[in-house]
Amino acid sequence: MAADLEAEVQAIDKSLLECSAEEIAVKWLQANDLQKEVYQHLAYYVPKIYCRGPNPAPQREDMLAQHILLGPMEWYLCGEDPAFGFPKLEQANKPSHLCGRVFKVGEPTYSCRDCAVDPTCVLCMECFLGSIHREHRYRMTTSGGGGFCDCGDTEAWKEGPYCQKHELNTSETAEEEDPLVHLPEDMVARAYNIFAIAFKYAVDILTWEKENELPGLEMIEKSDTYYCMLFNDEVHTYEQVIYTLQKAVNCTQKEAIGFATTVDRDGRRSVRYGDFQYCDQAKSVIVRNTSRQTKPLKVQVMHSSIVAHQSFGLKLLTWLGSVIGYSDGLRRILCQVGLQEGPDGENSSLVDKLMLYDSKLWKGARNVYHQLFMSSLLMDLKYKKLFAIRFARNYERLQSDFMKDDHDREFSIADLSIQIFTVPSLARMLITEENLMTTIIKTFMDHLRHRDIQGRFQFERYTALQAFKFRRVQSLILDLKYVLISKPTEWSDDLRHKFLEGFDAFLELLKCMQGMDPITRQVGQHIEMEPEWEAAFTLQMKLTLVISMMQDWCALDEKVLIEAYKKCLTVLMQCHSGFTDGEQPIVLSMCGHSVETIRYCVSQEKVSIHLPVSRLLAGLHVLLSKTEVAYKFPELLPLSELSPPMLIEHPLRCLVLCAQVHAGMWRRNGFSLVNQIYYYHNVKCRREMFDKDIVMLQTGVSMMDPNHFLMIMLSRFELYQIFSTPDYGKRFSTENTNKDVVQQNNTLIEEMLYLIIMIVGERFSPGIGQVNATDEIKREIIHQLSIRPMAHSELVKALPEDENRETGMESVIEEVACFKKPGLTGRGLYELKPECARNFNLYFYHFSRAEQSKAEEAQRKLKRQNREDTALPPPALPPFCPLFASLVNILQSDVMLCIMGTILQWAVEHNGYAWSESMLQRVLHLLGMALQEEKQHLENLSEENVVTFTFTQKISKPGEAPSNSPSILAMLETLQNAPHLEVHKDMIRWILKTFNTIKKLRESSSTSPVAETEGNIMEESSRDKDKAERKRKAEIARLRREKIMAQMSEMQRHFINENKELFQQTLEELDTSTSGVHENSPVISDAKLTALGPEQTRVAEHRQVVMCILCQEEQEVKVDSRAMVLAAFIQRSTVLSKNRNKIIPDPEKYDPLFMHPDLSCGTHTGSCGHIMHAHCWQRYFDAVQAKEQRRQQRLRVHTSYDVENG
């Protein structure tokens, strides 16, 4: 049987080999209906070459296909032997200035960080090594496969678009020259004919869905053989497929592994060959075994001739890709053939058919035609534009197919968007002509249909399938990023119109995010199920760069910026349209000011952390200032329509939520909220979340009475009652109030003061303060290096990246830091330059609590080393831009002075109030900021200006008649000598010194001088006293050190002599003591013997002196001395047990010091052996306990256990 089969194969091979490619080509040249001739040839020979048995024979198939099927086509195309024809074409062809090398998986790619227009512009190794970019900063990565080298593309590089190899081709080739002129006319005609037939054949057979018929390929002999074809999916695992195949087709494990590997690589594999029933049986077993948990594996029973023609169809597409490589003219012809509309109208071209059928094709077929598109359509600049238009028109359909498909994006035609949308001219053309921005955003929103009653996105009850689709939908955001990544230099009216149309669609998207995932504080019991929060934050993270790029586009054109601002404000007002509904208005009054607001408690009502519309408006408001549009065209802007209380409401609620979480009020809401707060402040999200909320509050304060703002803020922080009622704090602390509530209120006051510091102090964004972008990066780096010296990688992680994955660090790092090279081990570190330490701000808004604590410790240590006082005063700040200039008045507002005065009063009468040192420290910082501000105003004073910032006068005035409270200045002088505030003395001294400097400045500038206060004299005398006291203590310490050093040197000098004398002295004492024993005592013949009893031998007493490891003080161990202790760990031990089976009936009452005769268990005591004073140990233990309680505030997370109660 085997011998007959072998003879049959040989006979077939022999008859096939007798075919002549030249003769067939001649026959085709003479044919009237070329398509019919070619199809008949293929119908007869393809089934004889391909799919002749259960296993493919690629070498035999390729050899025969080249000889019988492709050979005649090459002869026909060239009109002569292709061995001579193709080299002639190559010689006549003008080499392309584009490289176009398609990357394989794992191949290295290089991107120049200085010259690439965006991070997707890459070079192959050969082009990179021959380019100027090898001397620049570059990024090296490995390709995922599918992209191609951008060498020669002038739109991809700011500088050096050509390598040495491709630069030679640029002078010879005119950009607009038609490549067909280099081809003979008859060859052009033949190429059109054969390409049209070959391409149509391949497309028809690959998109054919019937299993028993063929498109226009009538077979003369139809065999009755079928294949059971198994297709790849991304649902089932290797193990499931291998197990199923072993059961279905009775193969060994090794064969099943081979099948599974091929299916995974190529997308499909035949697992059984035979008649229909035989194959169908295997299909039913596979479907039955894989449909239990998930959808079944895709299996089809296909006729062998269909499989044969599909195999050759792929071979033909590969052949077309290689043939067009010989000539740009042939490439142009293939592009024309592919994009030519068919008889069915729209989407009937061959390229459209393949694209729209993409999700139904298997992996191998997709890869082949994607490669062909890249080497043809994307390499011809004219047809790349036409293909881009076709792609954009079909975008929505292609993305919908991708959502339903389960293959990864790299195997989808949708992945070609990166090759099209990142070309600046194409992206701009598609926005203008095809309204691409709107298409992408609307397609994205169509796939997120899960909404709540208010129309906001809802991710709460997402199933696994919906989560999978959501991950796929995120690729659309990436496409939007590609479209926006290169900014326009010139704006046409069409581009303005279409961009703003896209901006409208983007606002609709953000509107669906405004207020999503609202949360309510859990009271009583812990939340039962953690809510879904990751999807919303993933969406926010993905959109962060897009939101930033939208703002960058708006900033480039004044008309666009004004329109975008108006549109954003309108949408925000729609979102807020019902924001007072059902919320009762209330009037707040303080210090003679009153404001109407709404009754709203963050701790009782719903609150959301997602406010993208508010934050986008904040960003655009800053751009009005940065681009000076607000000053040039104020009449075009709706600034008079703005309602500051409406603008600040939601960002303020969000920041109050963070404060309350840090105060431990939301513990029962679980870790989902803790995680949300973490990401809100995290470097990945903060630019478009936390930072913009601060900006929105700054915007609000600059447009309203600061007293009104502070009262609303006190109300939202739920602290209004404490500061508006005289002596409320004293009553609050004396009443039997819950300790937790007092602690929470203290934390909230601290957080509120911190927020005010941020609102006034964070002005390093261009547009808010008079700074540029490099100042902002410098400040970030200075504060990161204030914590500790850092490696390059650590610094990069701590800085936000732009759309090009750049932080801007390299351009400024040399100005602020020195690089310390690594030793034999370790890493090189950047250290902050000493002169930059003066820019350190203890309350820098991007510090976490832990970082702030470390930075404070490091800076104080540095000051001590430099023998400076340890005050950390606020740094001098750049002036605000005019749009935000009125913001500084918050520091000298009546309500602010009342808040600061109240807290200082609490500190003065420190026993009567519940207050904290952190609170005082923040007030001192705010006082310092206000004094710095006034000092800068006076220093920059011009003749025509009057200083309106009169903080020094206001803090010198005592309170009004009813309370008669002392002035802030007087309270500072009192606190300077307070023993319980030793840590803050330096800071208070710095404030008083700055106050005097400002007073002198005012006197010298002959403006209204500050009234003399008796406080100044008090301050002078107290300073002198303090200086004298410190000097006296320093002198005592110096004398003591000198005395100890002198004693030590004396002991060293006479060490040997002293020891000799001591030794001699000891022997003499021993002799006298032995001879001088009582007369009636027996004579001791041996000095080593010691007598006991009434007349016992006297033994010299040994003094034992030990040192306490905590206070380092030496002490002799005596009964009447202070108690000394060892830290020990006591536990029950059965190491030497004689009776291990014994069970102690009542362990609580068991005396561990009593040892039972059966020796069942003993007591083991372990100690490190370090001795300490009992009171030192108690103090140390109390400190550890207090530290654990403070950890909650410092790290802003609640502890998992109670220190006091274990």
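Look up: the structure comes first, before these words.
Here's what I pulled together on the structure shown here. These numbers were taken from a predicted model, which means no experiment stands behind them. (Residues numbered from 1 in each chain as written. Predicted model: local features only at pLDDT ≥ 70, side-chain atom pairs only at ≥ 80, totals over all residues. Heavy atoms only, no water.)

Here we come to the overall build of the protein chain. On a plain count of helices and strands, the protein chain comes out with 45 helices and 13 strands. Expressed as a percentage of contacts within the protein chain between residues at least 6 apart in sequence, the contacts between residues at least 24 apart total 75%. For the protein chain, the exposed surface amounts to about 61200 Å²; the carbon and sulfur share of it is 52%. (Helix = DSSP H or I, 4+ residues; strand = E, 2+ residues; numbered from the N terminus. Contact = heavy atoms within 4.5 Å. Areas by Shrake-Rupley, 256 points an atom, 1.4 Å probe, with all protein chains shown as cover.)

With that settled, the discussion passes to the packing of aromatic side chains. Throughout the structure, instances matching the rule amount to 35 aromatic pairs. Arranged with centres 5.9 Å apart and planes meeting at 35 degrees, the rings of Trp533 and Tyr679 form a pair that is tilted. Taken together, the residues Trp533 in the loop between α22 (493-513) and α23 (534-555) and Tyr679 in helix α28 (residues 671-681) connect sequence positions 146 residues apart. On the basis of an interplanar angle of 80 degrees and a centroid distance of 5.4 Å, the ring pair of Phe844 and Phe847 is categorised as edge-to-face. The pair Phe844 / Phe847 is uniform in exposure class, with both members buried. By way of ring pairs, the aromatic residues Tyr369, Phe373, Phe387, Phe391, Tyr395 and Phe421 are connected into one cluster. A cation sits over an aromatic face here: Lys298 above Phe231, 4.6 Å from the ring centre. For the cation-ring pair, Arg922 lies above Tyr754, with the distance from its terminal atom to the ring centre recorded as 5.6 Å. (Phe/Tyr/Trp six-rings, centres within 6.5 Å; stacked < 30°, edge-to-face > 60°. Buried < 20%, exposed > 50% of the residue type's maximum accessible area, 1.4 Å probe, protein only. Lys NZ or Arg CZ within 6 Å of the ring centre and 35° of its normal.)

Reading across from one edge, β4-β3-β5 is the order of the three strands in this open sheet, with antiparallel pairing throughout. Edge positions in the open sheet fall to β4 (268-274) and β5 (299-303), since each of these has one partner strand only. On average, each strand axis in the sheet is inclined to that of its neighbour by 30 degrees, with strand direction left out of account. As paired elements, strand β3 (residues 226-231) and β4 share six bridges and run antiparallel to each other. Bridging across to β4, Tyr226 finds its partner in Gly274. Here helix α11 (residues 276-290) sits on the sheet in contact with β3, β4 and β5, set at roughly 135 degrees to β4. (Pairing = 2+ DSSP bridges. Axes fitted to C-alpha atoms, helices over the stretch in contact; angles between N-to-C directions.)

The next point concerns the nonpolar core. In this structure, Phe195 and Leu927 are the most contacted members of the largest nonpolar core, which totals 284 residues. In terms of residue count, the dominant contributor to this core is helix α8 (residues 185-206) (13 residues). When neighbours within four sequence positions are excluded, Leu927 is seen to be in contact with Met900, Leu904, Phe951, Ile955, Ile968, Leu972 and Ile991. Core analysis: the next-biggest nonpolar cluster, separate from the first, contains 21 residues, Ala248, Ala256, Val263 and Ile286 among them. (Core = buried A, V, L, I, M, F, W, Y, C linked by side-chain atoms within 4.5 Å.)

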